[in-house]
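# A closer look at the structure
Chain residues, written in single-letter form:
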Amino acid sequence: MSTDPLLDVLERYVPDEQRRYISTDWEDYLDHLRTLPRSSIASEKNYLETSHSSIKNTLVSLTQTSHRQFIDSTEAISAFTRLFDSFQNMAHSFSSDQLGALDSDIHQVSEIRTMHAQHEQGSGEAVMLLKNLEKIQDILELPSLAMACVRNGYYAEALDLASHARRLRVRYPNIKVIDQIQEDIGKVLNTMMVQLLKLLRQQVKLPTLIKIFSYLQRMHPFNSSEHNPSKQLQQLYFASRLHFIRGQLQTLTPFKTQSPEKYVKRYLEIYREHVFATIIGFKSIFPETEVSANQKLVAQFLRTTVTDLQTVVQEVVPEITDPATRNSLWLQVAYCSQSLGRVGGDFWPAIQGSVDCIDNSEWFEALRKQQDISSRLGQVI
């Protein structure tokens, strides 16, 4: 039995085979449940089911797209372990007696020149190895150090280590150990690429987005002159942010049937905020983009999001019959369109011409109110 009465009650309804997953570290969520009104308990269940489905789909997608990276990383770690063990055994092969004799020989060069010459001929490579032991160890640790940087979010440092490994390979082109280190670092960069692409689909501020794309520009294939890498990055930006926006809107699904007017209002709020931020972010990250190409990508992004908005309005609005509520919604649509108009995204004509569930008088009334409010606000300013 736990120390939380609510957890004890809920535990009675959990199947026996799933009880081992129950954790006592659920205090925050249980406190959240206590704050909910009784009428919201059903929607909370829908929210949990939606979240569970979304997480399950994400995990399935991850196993399909990233299993190769997991396997490669495991193989790289195993190869590095074998290489390091081999090096360690070689270093330990020199006993303390051998090292002492070698040191004595070096300090008695003037007395036993012939013996020293014979000894140096047979053990010159071992002496060189010992003298550069720390440098060799630093080189061997490059992949593990780069992986530690990636795991802790030090992406710039990981890229610097990768550049250092490339320079070593250019300087020592015929050393297998150096080739292996370069290969292992390449696998680390693949892991870093996965993490950066995942970040692009999350809620991140503009400075973070700028940093992410500065890292991607230094990575293959975006650091190559083939296939217009700048255009690929721009397309990646819009695709990732569209995925994020749709994910945010999907969390509103439980309200779609419970409270259609709340669903549409919240949909418009999220739509206005993130679509506007996405276009502003694009212009900040790619300030030197050609005007024609810039406008084409922005137009494609806006066309896609407006189509999603049209679908929502067409499906949900007929469920709203209260005239005052409908007028309020059209006013909010007008404001949203006006806001996006500052970045070339005025979608009002597209909505008005494609949605047949709205009476023209409602549109005109919403436009009139929006213009009156804007006019009064302009006079006050």
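This one's a predicted model, so the numbers in the text were calculated from it and none came from an experiment. (Residues numbered from 1 in each chain as written. Predicted model: local features only at pLDDT ≥ 70, side-chain atom pairs only at ≥ 80, totals over all residues. Heavy atoms only, no water.)

### Digging into the overall build of the protein
The condition that has to hold: Per the convention used, a helix needs a DSSP run of H or I reaching at least four residues, while a strand needs a run of E reaching at least two, with both numbered from the N terminus. Relative accessibility under 20% of the residue-type maximum defines a buried residue, over 50% an exposed one, and the middle range a partly exposed one, all with a 1.4 Å probe and only protein chains included. Residues are treated as being in contact if the distance between any of their heavy atoms lies within 4.5 Å. The Shrake-Rupley method, run with a 1.4 Å probe, gives the accessible areas here. Residue values count only the displayed protein chains as cover.
Each helix and strand counted, the protein has 17 helices and zero strands in total. Put simply, the protein has 381 residues, and 33% of those count as buried. In the protein, 65% of the contacts between residues at least 6 apart in sequence involve partners at least 24 apart. Surface summary for the protein: the accessible area is close to 24300 Å², and the carbon and sulfur share equals 54%.

### A few points about helix α15 (residues 323-341)
What counts, and what does not: Multiplying 1.5 Å by the residue count of a helix minus one yields the expected span of that helix.
Over its 19 residues, α15 extends 27 Å from the first C-alpha to the last, a length consistent with the 27 Å expected when each residue adds 1.5 Å. Where α15 is concerned, the buried positions are Thr325, Arg326, Leu329, Trp330, Leu331, Gln332, Val333, Ala334, Cys336, Ser337, Ser339 and Leu340.

### Describing the packing of helix α13 (residues 260-285) against α15
The following threshold applies: Between the N-to-C directions of two axes lies an angle of 0 to 180 degrees, each axis being a line fitted to C-alpha atoms and, for a helix, fitted only over the stretch in contact. Our angle categories are set so that under 35 degrees counts as roughly parallel, over 145 as roughly antiparallel, 65 to 115 as roughly perpendicular, and the remainder as oblique. Polar here means any residue other than Ala, Val, Leu, Ile, Met, Phe, Trp, Tyr, Cys and Pro, which are nonpolar, and Asp, Glu, Lys and Arg, which are charged; Gly is therefore polar.
Put simply, α13 and α15 touch, their axes get as near as 10 Å, and they point 5 degrees apart. The pairing of α13 with α15 is recorded here as roughly parallel in orientation. Taken together, the residues of α15 that come into contact with α13 (itself represented by Glu261, Val264, Lys265, Leu268, Glu269, Tyr271, Arg272, Val275 and Phe276) are Thr325, Ser328, Leu329, Gln332, Val333, Cys336, Ser339 and Leu340. Looking at the contact of α13 with α15 residue by residue, the classes come out as nine nonpolar, four polar and four charged.

### Thoughts on the nonpolar core
So the rule is basically this: We define the nonpolar core as a collection of buried residues of types Ala, Val, Leu, Ile, Met, Phe, Trp, Tyr and Cys that are connected through side-chain atoms lying within 4.5 Å of one another.
Met192, Leu216, Tyr271 and Phe347 are the most contacted members of the largest nonpolar core, which totals 71 residues. For this core, the element with the highest residue contribution is α13, accounting for ten residues.

### A look at the environment of Ile280
In this fold, Ile280 is placed in helix α13. Overall, the relative accessible area of 34% leaves Ile280 in the partly exposed class. Between the C-alpha atoms of Ile280 and Leu206, which are 74 residues apart in sequence, the distance is 8.9 Å.

### Overview of the packing of aromatic side chains
Two aromatic rings, taken as a pair, are described by how far apart their centres are and by the angle between their planes. Selection criterion: Only rings of Phe, Tyr and Trp enter the pairing, Trp through its six-membered ring, and a pair is recorded when the two centres are within 6.5 Å. The plane angle decides the type: under 30 degrees is stacked, over 60 is edge-to-face, the rest tilted.
By the definition in use, this model includes eleven aromatic pairs. Through successive ring pairs, a cluster of aromatic residues spans Phe213, Tyr237, Phe238, Phe282, Phe286 and Phe301.

### Overview of the side chain of Thr191
With respect to the secondary-structure elements, Thr191 resides in helix α9 (residues 176-200). In this structure, Thr191 is in contact with Ser73, Met147 and Val150, ignoring residues within four places of it in sequence.

### Considerations on the environment of Gln203
In this structure, Gln203 sits in the loop between α9 and α10 (206-216). Looking at Gln203, the relative accessible area reads 55%, which means it is exposed. Residues within four places of Gln203 in sequence aside, it is in contact with Phe244, Gln248 and His274.

### Digging into the pattern of salt bridges
Convention followed: Any carboxyl oxygen of Asp or Glu that lies within 4 Å of a side-chain nitrogen of Lys or Arg is treated as forming a salt bridge with it.
In the structure shown here, the tally under the stated rule is six salt bridges. Close ionic contact of Asp179 with Arg169 constitutes a salt bridge, the shortest N to O distance being 3.3 Å. In this pair, Asp179 sits in helix α9 while Arg169 sits in helix α8 (residues 155-171), placing the two residues ten residues apart along the sequence. We classify Asp179 as partly exposed; its relative accessible area is 24%.

### Describing the side chain of Gln182
Within the element layout of this structure, Gln182 appears in helix α9. Taking relative accessible area as the criterion, Gln182 reaches 15% and is therefore assigned buried. Excluding anything up to four places from it in sequence, Gln182 contacts Ala162, Ala165, Arg166 and Arg169.

### Brief notes about a nonpolar patch on the surface
Cut-off, in case you're wondering: Two joining distances apply to patches: 9 Å for like charges and 5 Å for nonpolar side chains (Val, Leu, Ile, Met, Phe, Trp, Tyr), and every residue must have over 30% relative accessible area and no salt bridge.
On the surface, a nonpolar cluster with roughly 220 Å² of combined accessible area is contributed by Tyr172, Ile175 and Val177. Within the secondary structure, Ile175 sits in the loop between α8 and α9. Exposure remark for Ile175: the relative accessible area of 39% places this residue in the partly exposed category.

### Comments concerning unusual backbone geometry
The amide bond that connects His220 to the next residue, Pro221, takes the cis arrangement and shows omega of 5 degrees. With respect to the helices and strands, Pro221 occurs in the loop between α10 and α11 (229-250).

### Examining the confidence of the model for the protein
Selection criterion: Here pLDDT means the predictor's own confidence in every residue, given as a number from 0 to 100.
Per-residue pLDDT for the protein has a mean of 78; in total, 71% of the residues score no lower than 70. Mean pLDDT in the protein bottoms out at helix α4 (residues 96-107), which sits at 53, and peaks at α10, which reaches 94.

### With respect to the packing of α11 against α13
Stated formally: Each helix crossing is assigned a hand: it is left-handed if the near helix lies turned anticlockwise from the far helix by less than a right angle, otherwise right-handed if that turn is clockwise.
α13 packs onto α11 with a crossing angle of 165 degrees between their chain directions and a minimal axis gap of 10 Å. One finds that α11 runs roughly antiparallel with respect to α13. The interaxial crossing formed by α11 with α13 has right-handed handedness. In this structure, α11 contributes Gln234, Tyr237, Phe238, Arg241, Phe244, Ile245, Gln248 and Leu249 to the contact, and α13 contributes Tyr267, Ile270, Tyr271, His274, Val275, Ala277, Thr278, Gly281, Phe282 and Ile285. Here the residues of the contact of α11 with α13 sort into twelve nonpolar, five polar and one charged.

### Things to note about the environment of Thr65
Mapped onto the secondary structure, Thr65 falls in helix α3 (residues 41-92). By relative accessible area, which is 54% here, Thr65 ends up exposed. Between the C-alpha atoms of Thr65 and Val194, which are 129 residues apart in sequence, the distance is 9.7 Å.

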